[in-house]
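Observations on the three-dimensional arrangement
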Amino acid sequence: MKQRVKRRTAVPDGLLSHLDSVWEGGMRQTFEYYRSFAGSEVALAAAMVESAVDLQGLGRGPADPGGLLLGDLCLARASRLLAETGDQRLQVGFARIVERVAAAAASGESPPLLREELSSLIAEDG
Amino acid sequence: MIANRRLELSTSAQTEFLDITTRLQEQVTAAGLRDGRLFVQSLHTTLGLAVNENEPLLLMDMQATLERFAPQGGGYQHDDFGRRAGISTDEPINGHAHCRLLLLQPACTLLVEEGRLVLGRWQAVLAVELDGPRQRRLAVQMDGDFTPQRPADADRRLVELELARQLLLDPDPVRTPMQRLVEAGGKRVRPMLVMLAAQLGRAPDSLRASALAGALELIHDATLVHDDYVDRAATRRGRASVAAAEGPSRAIAVGDYYFAKATRIIAELGNRAVTSTIAEAMEAICLSQIDDVRLRGSYPGDYAMYLRVVRGKTAALFAAACKAGAQLCRASAQATAKLTRFGDLVGVAFQMADDLLDYSESSGKPLGQDIRERVLSLPLIYASEDRRVGSRVRELLGGSLDESEVREVQRLVVSCGALERVVEEARGLVERALAELEELELDGVRPALTELARSAVDRTR
């Protein structure tokens with residue numbers, strides 16, 4: 001109950017719909033990391049991108065269909081959060097990072113360091 | 001201006017009433033006739049025309065009236081070949097048919113207003129076969145004010161060029177499978193909706209519209225790549241699916257890459273409303289995919305469930321295509337709202353037509369795939385509710401199905417008329433969608449939107 005209240009104060013209602021298990025499974029910590037230097041929408045978008053890559057096993061091995069669909073939802077919701085910020089630089093930057101991660105996964109190459117890339121992009125904004 | 005056309009008909013009985021109203025309306029729409037007249041003329045002496053009610057019992061009454069007026073075998077001099085000169089070896093005995101034509105018309109004129117045939121609620125245009133079955137031809141001439149139209153396929157070519165451009169520089173491991181999927185065809189309904197909607201505002205720009213249209217097609221194709229992994233579909237558009245050809249890891253990465261790339265292309269357009277519209281649609285698609293998979297536990301589901309999933313799975317992107325196209329060219333709020341509703345209705349109708357392809361051998365996807373993978377499908381819902389076959393359908397769908405049981409389900413769906421019911425419902429939705437546009441000023445775009453909406457339903461692939 002205490003955790004739920006805490007979450008509600010940190011993340012606006014509805015943004016974690018269908019993603020409670022992902023939130024409890026580690027997205028919360030990722031969000032808190034980004035939240036230390038970014039606004040809540042951008043921090044949540046970054047946490048969702050990290051979670052999507054993890055859920056879908058990009059660069060590791062294929063996710064099961066359930067993980068794939070949750071990952072897709074994370075990517076889509078990250079896009080919506082970024083759209084709501086109206087920050088075109090971040091929208092384009094986030095998308096380019098996901099493109100690089102996906103292209104590396106498809107090629108069997110080492111993926112870029114996702115957290116570093118996202119953090120660097122967000123920090124430029126500050 | 002005058003436009004001339006020919007209509008081909010195949011009749012299947014000696015006496016037959018064919019309702020040609022829709023086909024005539026399609027001629028009006030395709031020609032872009034806004035206000036004027038349509039003349040239609042039979043090119044035969046035993047094929048007549050009538051404007052009357054298409055009601056099955058009335059048609060039987062009219063057939064009986066024709067037969068009483070000129071009974072077959074009534075001793076017609078025309079059938080006495082010994083007294084006639086120059087007759088061919090296959091001359092039919094059809095004096096009765098010629099005489100029956102006296103009760104009908106060889107031609108008729110219909111008024112056209114605002115691009116629609118002017119007909120009363122119960123009026124239909126009937127071609128009346130009097131000596132069939134045969135191949136028949138009608139001459140159609142349209143006269144009046146035509147809406148200027150853009151070259152018919154200019155938008156489509158622009159979309160294809162844009163898709164090719166967007167794929168050109170991508171890394172091989174993602175580009176090759178996506179290019180295979182893109183080049184395998186697809187109907188391009190979503191990008192075409194963007195292209196058409198993007199002409200209806202104060203700031204139309206074909207190049208920006210084509211960038212948005214191409215991105216939307218990439219989003220659609222990315223969802224197909226992921227869907228085929230989730231549904232374990234071996235083929236797509238008649239070719240191996242990306243998951244089947246490249247393996248699941250590559251399929252997931254390809255879908256993600258193009259999902260992200262499309263998002264970027266849209267963001268680069270710099271239109272905040274468009275970016276939000278597409279982002280919301282993508283989220284709706286993902287939520288309904290999750291819903292769809294979850295609901296496979298309560299298979300085959302019911303109509304409300306079906307509609308909820310389809311609105312997200314398919315209609316969301318159709319509606320977003322129309323809305324974003326309108327937003328991109330700064331169309332009015334009223335036009336944007338009406339186009340969005342149009343897209344939603346066409347999207348639902350499109351999915352219903354898609355469900356029918358599970359029963360079509362020429363669709364490019366394996367027959368019965370939806371049944372095997374327990375995908376929500378309207379024909380199955382209707383069959384499961386049918387008084388005669390419903391209990392057997394539910395019993396079969398309640399367990400795991402072997403191939404003979406999949407075929408049995410298909411036979412039951414066909415036999416109970418569920419497919420016809422779905423066709424009617426889809427066509428009704430398209431008409432409702434077109435009604436949404438009736439009050440809008442759609443200079444030059446109405447014929448193409450009408451054709452696109454109708455073709456979304458009447459298709460085999």
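Overview of the structure. (Residues numbered from 1 in each chain as written. Chains lettered and ligands numbered in written order. Predicted model: local features only at pLDDT ≥ 70, side-chain atom pairs only at ≥ 80, totals over all residues. Heavy atoms only, no water.)

1. Let's talk about the overall build of chain B
Looking only at helices and strands, chain B has 18 helices and 10 strands in total. Counting only C-alpha atoms, chain B reaches 80 × 55 × 40 Å along its principal axes. Here chain B, with 461 residues, has 55% of them falling under the buried criterion. Counted over contacts in chain B with a minimum sequence separation of 6, partners at least 24 positions apart contribute 79%. Looking at chain B as shown, the accessible area adds up to about 20,200 Å², and 51% of this sits on carbon and sulfur atoms. For chain B, the separation between the mean place of its 58 positive charges and that of its 65 negative charges on side chains is 3 Å. (Helix = DSSP H or I, 4+ residues; strand = E, 2+ residues; numbered from the N terminus. Buried < 20%, exposed > 50% of the residue type's maximum accessible area, 1.4 Å probe, protein only. Contact = heavy atoms within 4.5 Å. Areas by Shrake-Rupley, 256 points an atom, 1.4 Å probe, with all protein chains shown as cover. Lys, Arg positive; Asp, Glu negative; His and termini not counted. Charge placed at Lys NZ, Arg CZ, Asp CG, Glu CD.)

2. Some points on the nonpolar core
Residues Met 27, Leu 44 and Phe 94 of chain A together with Ile 278 and Phe 342 of chain B are the most contacted members of the largest nonpolar core, which totals 156 residues. With 14 residues, the top contributor of residues to this core is helix α11 (residues 303-328) of chain B. Among the nonpolar cores identified, the runner-up in size contains 23 residues, and Ile 20, Leu 24, Leu 47 and Leu 110 of chain B belong to it. (Core = buried A, V, L, I, M, F, W, Y, C linked by side-chain atoms within 4.5 Å.)

3. Digging into the pattern of salt bridges
Residue and element names in this part refer to chain A. All chains considered together, the criterion is met by 36 salt bridges over all chains. Among the ionic pairs, Asp 54 bridges to Arg 60, the shortest N-O distance being 3.1 Å. For Arg 60, a relative accessible area of 61% gives the class exposed. (Salt bridge = Lys/Arg side-chain N within 4 Å of Asp/Glu carboxyl O.)

4. Re the sheet that holds strand β4 (residues 47-52) of chain B
Residue and element names in this part refer to chain B. The sheet built from 3 strands is open, its strands ordered β2-β7-β4 with antiparallel pairing. Edge positions in the open sheet fall to β2 (16-19) and β4, since each of these has one partner strand only. This sheet shows a mean twist of 30 degrees between the axes of neighbouring strands, independent of strand direction. Bridge count between β2 and strand β7 (residues 124-129): 4 bridges; the pairing is antiparallel. In the sheet register, Leu 18 faces β7, and the bridge partner there is Ala 127. Those strands touched by helix α2 (residues 56-69) are β2, β4 and β7, and its axis lies near 135 degrees from that of β2. (Pairing = 2+ DSSP bridges. Axes fitted to C-alpha atoms, helices over the stretch in contact; angles between N-to-C directions.)

5. Some words on the pairing of strand β8 (residues 135-146) of chain B
All names here are of chain B. Where strand β1 (residues 2-10) and β8 come together, 9 bridges link them in antiparallel fashion. Bridge pairing in β8 links Ile 2 to Asp 143. With 9 bridges joining them, strand β3 (residues 33-42) and β8 adopt antiparallel strand pairing. Looking at the pairing, Ser 42 lines up with Leu 138 of β8.

6. Topic: the interface of chain A and chain B
Each partner contributes residues to the interface: chain A has 34 residues there, and chain B has 34 residues. Between chain A and chain B the total buried area reaches about 2,900 Å² when both faces are included, carbon and sulfur atoms providing 69% of it. Area buried by chain A at its contact with chain B is led by Leu 69, Glu 99 and Ala 106 of chain A, which between them contribute 19% of it. One can count 4 salt bridges joining chain A with chain B. Across the pair Arg 77 of chain A and Glu 283 of chain B runs a salt bridge, and its minimum N-O distance is 2.7 Å. Between chain A and chain B we count 10 residue pairs in polar contact (both at pLDDT 80 or more) in total. Looking at the side of chain A that touches chain B, the elements that each hand over two or more residues are α4 (65-85) and α5 (88-107) of chain A. Ranked by residues supplied to the side of chain A that touches chain B, first place goes to α4 of chain A with 14 residues. Here the residues of the side of chain A that touches chain B sort into 18 nonpolar, 9 polar and 7 charged. (Buried area = accessible area lost by both parts, 1.4 Å probe. Polar contact = N/O pair within 3.5 Å; in protein donor to acceptor, adjacent residues only side chain to side chain. Nonpolar A, V, L, I, M, F, W, Y, C, P; charged D, E, K, R; others polar.)

7. Brief notes about the sheet that holds β3 of chain B
Read across the open sheet, the 5 strands follow the order β1-β8-β3-β5-β6 (chain B); overall the sheet is antiparallel. In this open sheet, the two edge strands, each paired with only one partner strand, are β1 and β6 (116-117) of chain B.

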